[in-house]
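Overview (structure and organization)
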Amino acid sequence: MAALQVEGLARHFGEREALSDVSLTLAEGQTLVVFGPNGAGKTTFLRVLATLLRPHAGEVRVLGRSLPREAWAVRGRVGLLAHEPLLYRELTARENLCFHARLHGVGERRVDELLEALAMSARARERLRTLSRGMVQRVAIARAVLHEPELLLLDEPYSNLDPAAVELVAPLIGAGTDPGGRRTRVICSHDPSGGLAQADVVLGLRAGRPALLRAAAEVRPGEIAELYR
């Protein structure tokens, strides 16, 4: 079954085309990695899939639901890690996660498990504004996976993380396994080798248009480098 079906997707901001004629299909349990220079449309693509932006043209189906008409049925099944952490700076790390846990009907035990897994238990009662960028990123990742979403949308997930933190985070946002199979993921990345190692399918964007769309096994790192020239 397809987790994503995108046909002729277009999105603009005024006269600027952020996305144009993007079409792809991603099966459940697969990982799509999106490459492209800054301003290529990667973040806009994630925000459309997360139901935060409406497409201006084309058809988009996420987890079998049509967007934007059935966005209400998708939001609780998706986890988004964006450039902005989507957290409240005046709340503590734990308060932020407990707030989102209540929104998703998740118990506080899950919050404490994630804080422990990310080595954040000792800092959990500190206000977010007092934490380093790397620690805020850990909390944002915990928020994204808190409700164990079927689809993870990850915008440069290892940004601001040191090597030790990457080791803590990787199992939480990995493909993983569950009774239904591997988790479906869309990852925006600037790391050709690291991104390719995780990908089943690669999408390369340049100025909002697909310049590369192929199975990851058929893509050479040099082709990704070309997107940035």
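The structure under discussion appears in the preceding block.
Computed from a prediction, not measured in an experiment: that's the story for all the values here.

The next subject is the packing of helix α4 (residues 133–145) against helix α5 (residues 163–173). The geometry of α4 relative to α5 is characterised by a closest axis approach of 10 Å and an angle of 10° between their N-to-C directions. Between α4 and α5, the angle falls in the class roughly parallel. Contacts between α4 and α5 involve Arg138, Ile141 and Val145 from the first element and Ala165, Leu168, Val169, Leu172 and Ile173 from the second. Of the residues assigned to the contact of α4 with α5, the class counts are seven nonpolar, no polar and one charged.

Quick look at the nonpolar core now. Ranked by internal contacts, the top residues of the largest apolar core, which has 41 residues, are Val111, Met120, Leu131, Val139, Ile173, Val202 and Ile224. By residue number, the principal contributor to this core is α4, which donates eight residues. Residues in contact with Val111, not counting those within four places in the same chain, are Arg94, Leu97, Cys98, Ala101 and Leu146.

Evaluation of the coordinates by the stated rule reveals one aromatic pair. With 5.6 Å between their ring centres and 85° between their planes, Tyr88 and Phe99 make a pair best called edge-to-face. Placement of Tyr88 in the loop between β6 (78–81) and α2 (93–104) and of Phe99 in helix α2 is noted, with a sequence separation of 11 residues between them.

Picture the strands of a sheet paired through backbone hydrogen bonds; they go either parallel or antiparallel. Read from one edge to the other, the open sheet built from four strands follows the order β2-β1-β4-β5, with strand pairing classed as antiparallel. Of all the strands in the sheet, the pair left with one neighbour each is β2 (16–27) and β5 (65–67). Neighbour to neighbour, the strand axes of the sheet diverge by 25° on average, direction disregarded. Set on the sheet, helix α1 (residues 42–49) makes contact with β1 (2–13), β2, β4 (57–62) and β5; between it and β1 the angle comes to about 120°.

Overall, mixed pairing links the six strands, which are arranged β6-β7-β8-β3-β9-β10 in an open sheet. Each end of this open sheet is capped by a strand with a single partner; those strands are β6 and β10 (209–215). The sheet shows a mean angle of 15° between the axes of neighbouring strands, direction not considered. By the bridge criterion, four bridges tie strand β3 (residues 31–35) to strand β8 (residues 184–188) in an arrangement that is parallel. Paired with Val33 across the strands is Ile187, a residue of β8.

This part is about helix α3 (residues 108–117). Buried within α3 we find Arg110, Val111, Leu114 and Leu115. Down the axis of α3, the sector holding all buried residues measures 135°, keeping them to one side. Seen from the buried face of α3, the exposed residues on the opposite side, beyond 90 degrees, are Arg109 and Glu116. For α3, the secondary structure elements touched by its buried residues are α2, α4 and α5. Positioned one or two residues after α3, Ala119 has a phi angle of 55°, which is positive.

Moving on, we get to the side chain of Arg11. Secondary-structure assignment places Arg11 in strand β1. One buried charge, Arg11, has no salt-bridge partner; the nearest side chain with opposite charge is Glu17, at 11 Å. In terms of polar contacts, Arg11 uses its side chain to reach the backbone carbonyl oxygen of Arg54, at 2.7 Å. Arg11 has contacts with Glu17, Ala18, Leu19, Thr44, Leu53, Arg54 and His56, leaving out every residue within four places of it along the chain.

Opposite charge on two side chains lets them pair, provided their charged atoms get close. Scanning the entire structure with this criterion turns up 11 salt bridges. Of the charged contacts, one joins Glu70 and Arg65 as a salt bridge, the two residues approaching to 3.1 Å between their closest N and O atoms. Given the relative accessible area of 15%, Glu70 is considered buried. A salt bridge links Arg123 to Glu126; the shortest N-O distance between them is 2.7 Å.

Here we come to the pairing of β4. The pairing of β1 with β4 spans five bridges and is antiparallel. Opposite Glu7, over in β4, you have Glu59 as the bridge partner. Relative to β5, β4 runs antiparallel, the two being bridged by three bridges. Bridging from a neighbouring strand, Val60 pairs with Leu67 of β5. Linking two consecutive strands that pair antiparallel, namely β4 and β5, is a turn of two residues; a positive phi of about 55° is found at Leu63 within it.

Conventions and cut-offs
Residues numbered from 1 in each chain as written. Predicted model: local features only at pLDDT ≥ 70, side-chain atom pairs only at ≥ 80, totals over all residues. Heavy atoms only, no water. Axes fitted to C-alpha atoms, helices over the stretch in contact; angles between N-to-C directions. Helix = DSSP H or I, 4+ residues; strand = E, 2+ residues; numbered from the N terminus. Parallel < 35°, antiparallel > 145°, perpendicular 65-115°, else oblique. Contact = heavy atoms within 4.5 Å. Nonpolar A, V, L, I, M, F, W, Y, C, P; charged D, E, K, R; others polar. Core = buried A, V, L, I, M, F, W, Y, C linked by side-chain atoms within 4.5 Å. Buried < 20%, exposed > 50% of the residue type's maximum accessible area, 1.4 Å probe, protein only. Phe/Tyr/Trp six-rings, centres within 6.5 Å; stacked < 30°, edge-to-face > 60°. Pairing = 2+ DSSP bridges. Arc of directions from axis to C-beta. Lys, Arg positive; Asp, Glu negative; His and termini not counted. Salt bridge = Lys/Arg side-chain N within 4 Å of Asp/Glu carboxyl O. Polar contact = N/O pair within 3.5 Å; in protein donor to acceptor, adjacent residues only side chain to side chain.

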